[in-house]
Amino acid sequence: MRPLLVLILSFILVGAATNPETITPGAKMPFVQPTEAERTALHEAIKSYMAKEPGTFSAHPAAKDFPGEVTAKERVNRTVSYDANLLTRWDTAAGNAPNLATGPEVWQETGLYAAPGEVIVVNATSLPSNRIVKIVVGGHRDSLFKLDKWNRFPLISRSFELKIGTNKIGNAFGGQLFIHVQNKGAKAPEKAVPGSPLQFTNAVAAPTYILGKDTPESWSKAKHEPAPWATLVGKQVILHIRTSELKKLTDPKPLLEWWDKAMGLEDDLIALKRLAPERVMPDRQISAGFMHSGYPFMCWINPSEADAINLPKLIKEGNWGFFHELGHNHQRKSWTFEGQTEVTCNLFSLYVMEKLVGKPPGQGHPAMAKLDEPLSKRLATPPNLGPFEQLSTFVVLLRAHGWGPLREALRSYATTPEKNETPIPELKNSFVLRYGHAAKANVADYFTRLGYPVTDSCRAALKGYPAFSPTLPSPAK
């Protein structure tokens, strides 16, 4: 009987481990994933649970903990218009879009929230024939499947493609509601015939402030709306913050204007023409690192949420991490080479730290306080190719020539982009040429010392300029 009992108990335990409704992790009591052999079944069960038809599930037990419950009983019906031609965050003409794996996705605001487990009806009387229109339910889109421990349920965001007529949407965890429009078919998007406004029924009003539209008076009322997450909409940046953290914010305007200046500077560095804002989304737990780029740009609630709305601190200290991750959203493969993914994004951090925050040139991070230390390590044999060691070689250029030449070189890619299939050695020579011409300096020897394969033709093109011979520290031994 004992072997049979063990077998029965094992089936019970495995069943419990793969029942999504029994997984209720918290910030202080994480859920520890089972062994590798059992994870596949668990993940599939969670995916199936999150794909259930609205109306066939109720609020998940963990939703109250995160992203939060809706205690108010009132629901609203609201008609929301959207721009069927807003498909990208950047103007893609003349190569004016960064090379991002995440793509140029755009969500449009509704000012609404889905209560956990409840069904919301979205009625679409017409839809653009050459567009796919989706409703995103919950902006916390990070999947935590690859992590061993979960501080929240691993999937809490869903999306629904709309059809003409009545659509039922919902999420066991609830979440903010966004409209996401995608192109259908053709590679070059054609203008869409606008669809009719969408009619939402049984939604929760969410605190929303739109820069240029709202006032301190309208915000004083809006911030008491019952949804647990609020949205602050700037021209360049959108902040998603827990409603409870915004009760003391009397006027979001100065905060959003500061964020817009920061993003405007990052856009300026590469002549990026922005069509839609970036998003900042604090989360209980994210899929990688302290923060990570993408859409939305993800960061941990603790401490980043408070930092994102602490205007006095932002003005005084800036925030290297925010600038760094949003810098990733501006990178291009044309001038970001092997080993530089965590390097060229910091050019944007340096730029904003100096131009907006007022830090000394090349400063803004403790690792750059003494330039000779990382620079000597970068020049060593073999070279140290850490992010700040490599960043120090750009700071040498900034100290010699200021931001003008580097800004001109980076902005030149917007009007004269490189072809996608251009080999890396050619891209490196192109960057050397662009910078050298902008600085009116022969930087061939300097970049050769850094390992760039500078060609004879590149050297000949820069030969008429004065040689760039910076005083460099002795290589670290």
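For the structure itself, consult the block above.
The shown structure was predicted, so the numbers you read here are calculated from the model rather than taken from an experiment.

Draft legend 1. Summary view of the overall build of the chain. In terms of helices and strands, the chain carries 15 helices and 16 strands. For the chain, the C-alpha radius of gyration of 25 Å lies close to 23 Å, the compact-globule estimate for 477 residues. Its C-alpha atoms give the chain principal-axis dimensions of about 80 × 65 × 45 Å. Contacts in the chain between residues at least 24 apart in sequence constitute 72% of all its contacts with a sequence separation of at least 6. Computing the positive centroid from 55 side-chain charges and the negative centroid from 45, the chain places the two 0 Å apart.

Draft legend 2. Helix α6 (residues 301-308), seen in detail. Residues Ile301, Ser304, Glu305, Asp307 and Ala308 constitute the buried set of α6. The buried residues of α6 occupy one face: seen down the axis, they fall within an arc of 165°.

Draft legend 3. Focus on the sheet that holds strand β16 (residues 297-300). The six strands are arranged β11-β12-β13-β14-β16-β15 in an open sheet whose pairing can be described as mixed. The sheet is open, and its two edges are formed by β11 (208-210) and β15 (291-292), each paired on a single side. Strand direction decides the pairing type here: strand β13 (residues 237-242) and strand β14 (residues 278-283), joined by three bridges, are parallel. Bridge pairing in β14 places Leu239 opposite Val280. Here α6 sits on the sheet and contacts β12 (229-233), β13, β14, β15 and β16; the angle it forms with β16, its principal contact strand, is near 115°.

Draft legend 4. Structural view of empty space enclosed by the protein. For the coordinates displayed, the defined rule picks out one cavity of 30 Å³ or more. Estimated volume of the largest cavity: approximately 50 Å³. Lining the largest cavity are Glu109, Thr110, Gly111, Leu112, Gln176, Leu177, Phe178, Ala206, Thr208 and Thr231. When contributions to the lining of the largest cavity are tallied by element, the ones reaching two or more residues are β3 (108-114) and β9 (175-183). It is β3 that provides the largest number of residues to the lining of the largest cavity, a total of four residues. A per-class count over the lining of the largest cavity returns four nonpolar, five polar and one charged.

Draft legend 5. How the structure looks around the nonpolar core. Counting 76 residues, the largest nonpolar core has Leu232, Leu239, Leu255, Trp259, Phe322, Phe431 and Phe447 as the members making the most contacts within it. Per-element accounting of this core gives the leading share, eight residues, to helix α5 (residues 253-269). Not counting residues within four places of it along the chain, the set of residues in contact with Phe431 comprises Trp335, Phe337, Phe394, Leu406, Leu410, Tyr413 and Phe447. One finds Leu42, Ile46, Met50 and Leu144 within the second-largest nonpolar core, a separate group that totals 26 residues.

Draft legend 6. Representation of the pattern of salt bridges. Summed over all chains, the structure comprises 20 salt bridges. Here Glu105 makes a salt bridge to Arg141, at a shortest N to O gap of 3.2 Å. Of the two residues, Glu105 is situated in the loop between β2 (76-80) and β3 and Arg141 in the loop between β5 (131-137) and β6 (149-150); the sequence distance between them amounts to 36 residues. The exposure class assigned to Glu105 is buried, which follows from its relative accessible area of 16%.

Draft legend 7. Examining the packing of aromatic side chains more closely. All chains considered together, the criterion is met by 21 aromatic pairs. With a centroid separation of 5.4 Å and 75° between ring planes, the pair formed by Trp107 and Tyr295 is classed as edge-to-face. Separated by 188 residues along the polypeptide, Trp107 in the loop between β2 and β3 and Tyr295 in the loop between β15 and β16 bring together distant segments of the chain. The same class applies to Trp107 as to Tyr295, namely buried. Here the aromatic cluster, defined as three or more aromatic residues joined through ring pairs, consists of Phe337, Phe394, Phe431, Tyr446, Phe447, Tyr452 and Phe468. The ring of Tyr452 carries Lys428 above its face, with NZ or CZ at 5.6 Å from the centroid. Seen from the ring of Tyr413, Arg434 lies directly overhead, with NZ or CZ sitting 3.9 Å from the centre.

Calculation criteria
- Residues numbered from 1 in each chain as written.
- Predicted model: local features only at pLDDT ≥ 70, side-chain atom pairs only at ≥ 80, totals over all residues.
- Heavy atoms only, no water.
- Helix = DSSP H or I, 4+ residues; strand = E, 2+ residues; numbered from the N terminus.
- Rg over C-alpha atoms; globule rule 2.2 N^0.38 Å.
- Contact = heavy atoms within 4.5 Å.
- Lys, Arg positive; Asp, Glu negative; His and termini not counted.
- Charge placed at Lys NZ, Arg CZ, Asp CG, Glu CD.
- Buried < 20%, exposed > 50% of the residue type's maximum accessible area, 1.4 Å probe, protein only.
- Arc of directions from axis to C-beta.
- Pairing = 2+ DSSP bridges.
- Axes fitted to C-alpha atoms, helices over the stretch in contact; angles between N-to-C directions.
- 1 Å grid on protein atoms, 1.4 Å probe; cavity = no way out; pocket = protein on both sides within 12 Å on 5 of 7 lines; lining within 4 Å.
- Points joined across faces, edges and corners; volume = space filled by probe spheres on them.
- Nonpolar A, V, L, I, M, F, W, Y, C, P; charged D, E, K, R; others polar.
- Core = buried A, V, L, I, M, F, W, Y, C linked by side-chain atoms within 4.5 Å.
- Salt bridge = Lys/Arg side-chain N within 4 Å of Asp/Glu carboxyl O.
- Phe/Tyr/Trp six-rings, centres within 6.5 Å; stacked < 30°, edge-to-face > 60°.
- Lys NZ or Arg CZ within 6 Å of the ring centre and 35° of its normal.

By themselves, these figures tell us nothing about what the structure is for.
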